[in-house]
Amino acid sequence: MAAKKVAKKKVAKKKTAKKAAVKAAPAVKAISTKMTKTQIIASLAETTGLTKKEIAAVMSGLGDLVTAHIKKRGSGEFTIPETGVKIRRVVKPARKARMGRNPATGEEIKIPAKKASTAVKCVALKALKETVNS
């Protein structure tokens, strides 16, 4: 019985240590200017302590991974962890030819048919939306 109580106390100490580590993370500041690829790589290298070449390799690998998921036989969906962004492949159905009206002149016009197509959509997930709205 005594051994079980000691084990429970150790588990409780581990949980409090994890909470303290999460609270100690510095707040992310807003960046007011648009960054180039080189600036992003330099910033990430400074933040993580990795070299610029390693960061560039990671970004290239991430791009290749996204491409592989979005391609025709891929899964069609890729979520970038820790960013709140999901990239999806969406199939748009074919549309028949139809008659429409020119809004400026009121003249009837024929709108041509369109073939089915595939588009890529980026969706902001809940975490990113909350960050923007706070």
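The structure reproduced in this document is the subject of the present report.

Criteria and thresholds
Residues numbered from 1 in each chain as written. Predicted model: local features only at pLDDT ≥ 70, side-chain atom pairs only at ≥ 80, totals over all residues. Heavy atoms only, no water. Salt bridge = Lys/Arg side-chain N within 4 Å of Asp/Glu carboxyl O. Buried < 20%, exposed > 50% of the residue type's maximum accessible area, 1.4 Å probe, protein only. Patch = residues over 30% accessible without salt bridge, like charges linked within 9 Å, V, L, I, M, F, W, Y side chains within 5 Å. Areas by Shrake-Rupley, 256 points an atom, 1.4 Å probe, with all protein chains shown as cover. Lys, Arg positive; Asp, Glu negative; His and termini not counted. Charge placed at Lys NZ, Arg CZ, Asp CG, Glu CD. Helix = DSSP H or I, 4+ residues; strand = E, 2+ residues; numbered from the N terminus. Core = buried A, V, L, I, M, F, W, Y, C linked by side-chain atoms within 4.5 Å. Contact = heavy atoms within 4.5 Å. Axes fitted to C-alpha atoms, helices over the stretch in contact; angles between N-to-C directions. Parallel < 35°, antiparallel > 145°, perpendicular 65-115°, else oblique. Left-handed = near helix turned anticlockwise from the far one by under 90°. Pairing = 2+ DSSP bridges. Expected span 1.5 Å × (residues − 1).

**Some words on the pattern of salt bridges**
Across all of its chains, the model carries 2 salt bridges by this definition. Taking the shortest distance from any N to any O, the salt bridge between E77 and K86 comes out at 3.7 Å. Judged by its relative accessible area of 21%, K86 is partly exposed. Salt-bridge contacts for E108 lead to R101; the nearest nitrogen and oxygen are separated by 3.2 Å. Judged by its relative accessible area of 54%, R101 is exposed.

**A word on a positive patch on the surface**
On the surface, R88, K92, R95, R98, K114 and K121 cluster together into a positively charged patch. Locating R98 in the fold gives a position in strand β3 (residues 98-101). A relative accessible area of 51% places R98 in the exposed class.

**Structural notes on the nonpolar core**
Residues V66, I70, F78, I80 and I87 constitute the largest nonpolar core, which totals 5 residues. Other than its neighbours up to four places away in sequence, I70 contacts G76, E77, I87, R88, R89 and V120.

**Notes on the packing of helix α2 (residues 37-48) against helix α3 (residues 52-70)**
Axis separation between α2 and α3 bottoms out at 9 Å; the angle between their running directions is 115°. As summarised for this structure, α2 and α3 are arranged roughly perpendicular, according to the angle between their axes. Crossing handedness for the pair α2 and α3: right-handed. Two secondary-structure elements touch here, α2 through I40, I41, A42, L44, A45 and T48 and α3 through K52, I55, A56 and M59.

**As for unusual backbone geometry**
The phi dihedral of E82 falls on the positive side, at around 65°, and the residue is not glycine. Among the secondary structure elements, E82 is positioned in the loop between β1 (77-80) and β2 (85-92).

**What about the environment of K96?**
Along the chain, the position of K96 falls in the loop between β2 and β3. Residue K96 is classed as exposed on the basis of its relative accessible area, which comes to 74%. A sequence separation of 17 residues divides K96 from A113, and the C-alpha atoms of the two residues are 4.6 Å apart.

**Examining the pairing of β2**
Across 4 bridges, β1 lies against β2 in antiparallel orientation. In the sheet register, F78 faces β2, and the bridge partner there is I87. In this structure, the hairpin formed by β1 and β2 is closed by a connection of 4 residues, where E82 is found at a positive phi of approximately 65°. Two strands pair when backbone bridges link them, and β2 and strand β5 (residues 117-124) are joined in this way by 8 bridges, in the antiparallel orientation. Residue pairing in the sheet places V90 in a bridge with A119 of β5.

**Observations concerning α2**
In a regular helix each residue adds 1.5 Å, so 12 residues correspond to 16 Å; α2 covers 16 Å between its end C-alpha atoms and thus fits that length. Positive phi shows up at G49, right after α2, with a value of about 85°.

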